[in-house]
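What follows is the residue order along each chain.
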Amino acid sequence: MIKNTIPQESSAKRLLIVVLAAGQSQRFEGVKLAQLIPSHYAFSTEKLPIINCHIARLQQLDGLTLDRARPDAHSPQVAPLLIILGTHHHILQPLLAELNSRQPFDVMINQQSHTGLASSVRLAASYALEQGFDGMLLTLADQVALGVDDYQQLISMWHQTGKDVAAYYLDDVGVPAIFNASTLPLFTHLSGDRGAKPILKQQEKQGALVTISLPRAAIDIDTQADLASWLALKE
C-alpha cells in the first residue's frame with residue numbers, strides 16, 4: 001500500500017472516503033476506469049479517465065462538505081481518501097500521480113480482487129477500523145453521473161442523524177453509503193461479489209439506516225454500450 005497519512009482535528013468526526021476501483025471489468029472487455037470521459041471541472045472541455053474524474057470530484061469535498069456539515073468547524077478539513085485498486089492497478093495507478101501530488105491519498109492494491117467485490121469492501125472496512133475512523137463512505141468509481149452535491153447530502157445526513165446513510169435508487173438501497181465504525185465489523189463476513197448490499201439491507205431492517213434519494217446513482221458503466229449511451233446523453 002502507498003500511504004500518505006493525513007491528520008485531522010481530533011474534535012471532528014473522522015470520515016474515510018473509499019473509492020472501490022479493483023474490478024476486473026470483464027463485461028466491459030477492457031480497462032473500464034481508464035476510459036476517457038468529459039471532466040467535471042467547471043469551464044473545461046478536457047477529457048480524463050473515469051477514475052480520475054471520480055477522485056477529482058471527491059477531492060472537491062475538501063474543506064467544503066465537512067465544514068458545512070459541522071457549523072462549529074473553524075478551519076477547513078481534508079477528507080481522507082483511500083483508493084482500492086486490483087486487477088488493472090498497473091494501468092490505473094500511474095494515471096493517479098498528478099491527483100495524488102495535488103492532494104495526497106492512500107492507495108491499496110487488493111491482491112484478491114479476482115474473488116469479487118467483497119474482498120475490496122473487507123479491506124476498506126479493516127483499514128477504517130485500524131485507523132480509528134468514525135465512519136466510512138463507500139463509493140464506486142464507475143458511478144459517473146453522481147456529483148459533489150450528492151456526496152454532500154450523504155455526509156450532511158450522517159452528521160445530523162449519527163446513523164448509517166445510503167443512497168436510494170431503482171427502488172432499493174445501495175452505494176454510495178456511509179457506515180459507522182460500529183457497523184464495520186459486519187463486513188468481515190462478506191464473500192464473493194455481494195459488496196455492501198447485505199449490510200445495508202440488515203441495517204435498514206433494524207432501523208439503523210437513513211436513506212436519501214439519489215437517482216443519478218443508478219447510472220454506472222458496466223459495458224462498452226453503457227459508456228456509449230451515457231456519453232451520447234452528455235453531448
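Residues numbered from 1 in each chain as written. Predicted model: local features only at pLDDT ≥ 70, side-chain atom pairs only at ≥ 80, totals over all residues. Heavy atoms only, no water.

Section: the overall build of the protein
Threshold: Under the DSSP-based scheme used, a helix requires at least four consecutive residues in state H or I and a strand at least two consecutive residues in state E, with every element numbered from the N terminus. By definition in these notes, contact holds between two residues if any of their heavy atoms fall within 4.5 Å.
The helix and strand inventory of the protein stands at 8 helices and 9 strands. Restricting to contacts in the protein with at least 6 residues of sequence separation, those with at least 24 account for 72%.

Details of unusual backbone geometry
The omega torsion across Val-175 and Pro-176 is 10 degrees, close enough to zero to call that bond cis. Notably, Glu-29 is not glycine yet its phi reads approximately 60 degrees, a positive angle. Along the polypeptide, Glu-29 turns up in the loop between β1 (15-21) and β2 (36-38).

A closer look at the environment of Lys-13
Among the secondary structure elements, Lys-13 is positioned in the segment before β1. Along the primary structure Lys-13 and Asp-134 are separated by 121 residues, whereas in three dimensions their C-alpha atoms are 5.9 Å apart.

Some thoughts on the pattern of salt bridges
How we decide: The rule for a salt bridge is simple: a side-chain nitrogen of Lys or Arg has to be within 4 Å of a carboxyl oxygen of Asp or Glu. The cut-offs for exposure are 20% and 50% of the maximum accessible area for each residue type, with area from a 1.4 Å probe on protein chains only; residues under the lower value are buried, those over the upper are exposed, and the others partly exposed.
Applying the stated criterion to the full structure yields 8 salt bridges. Lys-32 serves as the salt-bridge partner of Asp-142, at 2.9 Å between the closest nitrogen and oxygen. In this pair, Asp-142 sits in the loop between β6 (135-140) and α6 (148-161) while Lys-32 sits in the loop between β1 and β2, placing the two residues 110 residues apart along the sequence. The exposure class of Asp-142 is buried, given its relative accessible area of 10%. Looking at Lys-32, the relative accessible area reads 11%, which means it is buried. Two residues, Lys-197 and Asp-172, come together in a salt bridge whose shortest N-O distance is 3.3 Å. You can see Lys-197 sitting in helix α7 (residues 197-205) and its partner Asp-172 sitting in strand β8 (residues 172-180), a full 25 residues away along the chain.

Focus on the pairing of β6
Selection rule: Strands were regarded as paired on the criterion that DSSP finds at least two bridges between them.
Burial analysis of β6 places 6 of its 6 residues in the buried class, which makes it a mostly covered element. Along β6, one buried face is formed by Gly-135, Leu-137 and Thr-139 and the opposite face, lined by Met-136, Leu-138 and Leu-140, is buried too. Here β1 runs beside β6; their pairing, made up of 6 bridges, is parallel. Bridge pairing in β6 links Ile-17 to Leu-137. Across 4 bridges, the pairing between β6 and β8 is antiparallel. From the neighbouring strand, Gly-135 faces β8, where its bridge partner is Asn-180.

Let's talk about the packing of aromatic side chains
Defined as follows: Centre distance within 6.5 Å is the pairing criterion for rings of Phe, Tyr and Trp, where only the six-membered ring of Trp is used; planes under 30 degrees apart are then read as stacked, over 60 as edge-to-face, and the remainder as tilted. Working rule: Lys NZ or Arg CZ, within 6 Å of ring centre, within 35 degrees of ring normal, means a charge sits over the ring.
Within the structure shown, the criterion is met by 1 aromatic pair. For the cation-ring pair, Lys-13 lies above Trp-158, with the distance from its terminal atom to the ring centre recorded as 3.9 Å. The aromatic ring of Phe-133 is capped on one face by Arg-14, whose charged end is 4.2 Å from the ring centroid.

Here we look at the nonpolar core
Nonpolar side chains in soluble globular proteins generally cluster together in the buried interior. For the record, the criterion: Only buried residues count toward a nonpolar core, which is a set of Ala, Val, Leu, Ile, Met, Phe, Trp, Tyr and Cys residues joined through side-chain atoms within 4.5 Å.
Among the nonpolar cores identified, the biggest contains 45 residues, and Ile-51, Ile-55, Ile-83, Leu-85, Phe-105 and Leu-137 are the most heavily contacted of them. When contributions to this core are tallied by element, the ones reaching two or more residues are β1, α1 (50-59), β4 (81-85), α6, β7 (164-169) and α8 (224-234). Broken down by element, the residue count for this core peaks at 6 residues, all from α1. Grouped together as the second largest cluster of nonpolar side chains are 29 residues, Ala-22, Met-108, Ala-118 and Val-173 included.

Things to note about α6
Condition: Any helix carries an expected span of 1.5 Å times its number of residues minus one.
Across its 14 residues, α6 extends 20 Å between first and last C-alpha, which sits within 8% of the 20 Å expected from 1.5 Å per residue. Within the span of α6, buried status applies to Val-148, Asp-150, Tyr-151, Gln-152, Leu-154, Ile-155, Ser-156, Trp-158 and His-159. The first or second residue beyond α6 is Gly-162, which carries a positive phi of 75 degrees.

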